[in-house]
Number of protein chains: 2
Amino acid sequence: MLNDIRKDYLLNRWVVMATHRKRRPVDLARKETDIQKFSRSSCPFCPGNERKTPPASLVYLKGRKSTVRKKDTNGIRHKNWLIRCVPNLYSAFSHPKIGESFSSGKAVGHHEVLIESPNHNEQPANAKISQLVYVINGYIDRLEDLSSKPYVKYVSIFRNYGLDAGASLSHAHSQIIATPMIPTILSDELSASSEYYKANEKCIFCDIVEREKNSPRFIWGNKSFIAFAPWAGVHPFEYWITPKEHQPTLSELRSQTTRDLAIALKTCLNGLRSLLNDPPYNYGFHLSPNEETDKHYHWHLEVYPKLTIWAGFEKSTGIYINVVPPEDAARSMKRIIERN
Amino acid sequence: MLNDIRKDYLLNRWVVMATHRKRRPVDLARKETDIQKFSRSSCPFCPGNERKTPPASLVYLKGRKSTVRKKDTNGIRHKNWLIRCVPNLYSAFSHPKIGESFSSGKAVGHHEVLIESPNHNEQPANAKISQLVYVINGYIDRLEDLSSKPYVKYVSIFRNYGLDAGASLSHAHSQIIATPMIPTILSDELSASSEYYKANEKCIFCDIVEREKNSPRFIWGNKSFIAFAPWAGVHPFEYWITPKEHQPTLSELRSQTTRDLAIALKTCLNGLRSLLNDPPYNYGFHLSPNEETDKHYHWHLEVYPKLTIWAGFEKSTGIYINVVPPEDAARSMKRIIERN
């Protein structure tokens, strides 16, 4: 069944009415159960339990020379995988059945889970770099496949870590949601960056990288990426990882840059973990929805530690209160990363 | 010291860098302490502890015939109050000192706490109606006083209830923040409602009231107000309380409508409490910032129960996932209110 999707009376704000998500493991009433309560044998993402998920849309298997990409079928679940990507059982967006018309106002799309490792606790902060390279390549493969569908306008790739950040299962995983519209935040960013491009004949993110790499908000960098606490970050200890070169979306990553991204991810998330006692966090990629028409956009990853609560003021005004200035956050992150 | 206020690189999104808020009772790292841990004798909002707060900007005292309005001074703290409003010790916005210039980019403003009752636990869901009338009148008095200051562009009146909704003290209280700019959400609502007014020669909220009073999203109503679950509510069990008559802001409330609002508040919050086992919530007033120029706006109160977590998807896309359709929420609320 397709969920309804609705626009607010006034705001350009969309909501999916995803009724059947009520049945997912972590339910409405907040229970003080430990997220780790699933033993390995009952974890639906652990090896041996492949039948607890729908057939995978993508599986990486170890080949003789390189990774082999496969799909599960209803009858077959591949074993000995490196990563696997499966439809979310509690999906917010659903793909249309054959013969179903896509009436507007329906949450047509896809919602998948990318299981990042056969090892239950191989989170990016402590993963092998080679494993993170699989994860990033998995993101790119699913992004390209989902983007090619006619009803998909955007593919959101994100990660929730920890119960307080909304993760309902502890096995290392990311999520991928393909939506039938350009999300509000992306659409606002696209307009603003397009205007900037027209006025200045350059990419605003290239300028941001240039400015932040020598600012007190700079955290860490390698050949291909810089990490910095954004000037007006909304969350305490928020940071962004941005490619130094102009790249609209992930599909332009080559093998060395993919490796550099894996190193950037691990280094910064491990820093965050050491600094704040393994806090919950969310991260999300911001990507150009259309490489042809939105060349002015420059992809990046935003990481939001979950340390505070948005309350009545934030929610009713859209003004946020950040209790840690980005300069202070960057200084602490930089110091701990150098020590790690 | 004035906090910095910053605009995002791209979005029309503002952030206050409120460094010294780090020192408030509930701190960054989430502690599993009970919010009720303050004993009455140590609660800074309980009678007898008036010296634990700065001098009140407003105190209601019981007079012979009607309520008497007073202010504290540095030397004097009034006793036997009905409600009192004090500057927030951990303020996000600060008023300028005499002689200080208001440079742009500073979080000039006010941040106050309205202590709603001398009784620690007299929350709106279980308050006497006469007490809630004091609270609403207190809102109006502070709104009028703060709005009259030249550097104030908007006054946000809101309430956080419960630790998970961001309340750091359990004594019944609301908060009032006066900001030097029109907040994003208000500004978006004002533009949209102004456009609607020009196109249709009527107020969009008057139309919403007309439509929702007979819809499956209707919850409750009296002579002056209706409560309904909004069509595209972002939070499960979100509802709005809206005056039936066109009123830009609170200052037009007369004594009977104030009483009707008190009844609406109590009835609906008590319904929510019965239905969902006393859940945390936030509420916020949406008011016309300027009665002269923004006559097309129609004030209302938005109530957001805190039952779910906004995670990576919501935060990186601005698309929200609501797991309870407003029609279902309204049906349950209606039923429990009729039974209460």
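Because the structure is predicted, anything quoted here is derived from the model rather than measured.

This part covers the pairing of strand β3 (residues 58-62) of chain B. Residue and element names in this part refer to chain B. Both β3 and strand β5 (residues 81-87) contribute to a ladder of four bridges, which runs antiparallel. Of the residues in β5, the one forming a bridge with tyrosine 60 is isoleucine 83. Here β3 runs beside strand β4 (residues 67-70); their pairing, made up of four bridges, is antiparallel. Note that in β4 the partner of lysine 62 across the bridge is threonine 67. Where β3 folds back on β4, the antiparallel hairpin that results is connected by four residues.

Turning to unusual backbone geometry, a few remarks are in order. Residue and element names in this part refer to chain A. In the Ramachandran plot, aspartate 278 falls in the positive-phi region, its phi being about 55 degrees despite a non-glycine side chain. Along the chain, aspartate 278 falls in the loop between α4 (255-275) and β12 (281-286). Residue classification places aspartate 278 among the partly exposed residues on the basis of 13 C-beta atoms within 10 Å.

Bringing the pairing of strand β7 (residues 154-161) of chain B into the picture now. All names here are of chain B. Counted residue by residue, β7 has eight buried out of eight residues, so it is predominantly covered. Across the two faces of β7 the burial is the same, with Tyr154, Ser156, Phe158 and Asn160 and Val155, Ile157, Arg159 and Tyr161 all buried. Sheet analysis places β7 next to strand β8 (residues 173-179), joined by five bridges and oriented antiparallel. The residue bridging valine 155 from the neighbouring strand is alanine 178, located in β8. Bridge count between β7 and strand β12 (residues 281-286): four bridges; the pairing is antiparallel.

Right, let's talk about the packing of helix α1 (residues 129-147) of chain A against α4(A) for a bit. All names here are of chain A. For the pair α1 and α4, interaxial distance at closest approach is 9 Å and the crossing angle is 110 degrees. Taken together, α1 and α4 sit at an angle that is classed as roughly perpendicular. In this structure, α1 crosses over α4, and the sense of that crossing is right-handed. Along its contact with α1, which presents Ile129, Leu132, Val133, Ile136 and Asn137, the element α4 presents Thr258, Arg259, Leu261, Ala262, Ile263, Leu265 and Lys266.

The rules behind these values
- Residues numbered from 1 in each chain as written.
- Chains lettered and ligands numbered in written order.
- Predicted model: local features only at pLDDT ≥ 70, side-chain atom pairs only at ≥ 80, totals over all residues.
- Pairing = 2+ DSSP bridges.
- Helix = DSSP H or I, 4+ residues; strand = E, 2+ residues; numbered from the N terminus.
- Buried ≥ 20, exposed ≤ 12 C-beta atoms within 10 Å, placed from the backbone.
- Axes fitted to C-alpha atoms, helices over the stretch in contact; angles between N-to-C directions.
- Parallel < 35°, antiparallel > 145°, perpendicular 65-115°, else oblique.
- Left-handed = near helix turned anticlockwise from the far one by under 90°.
- Contact = placed C-beta atoms within 7 Å.

None of this, on its own, says anything about what the molecule does.
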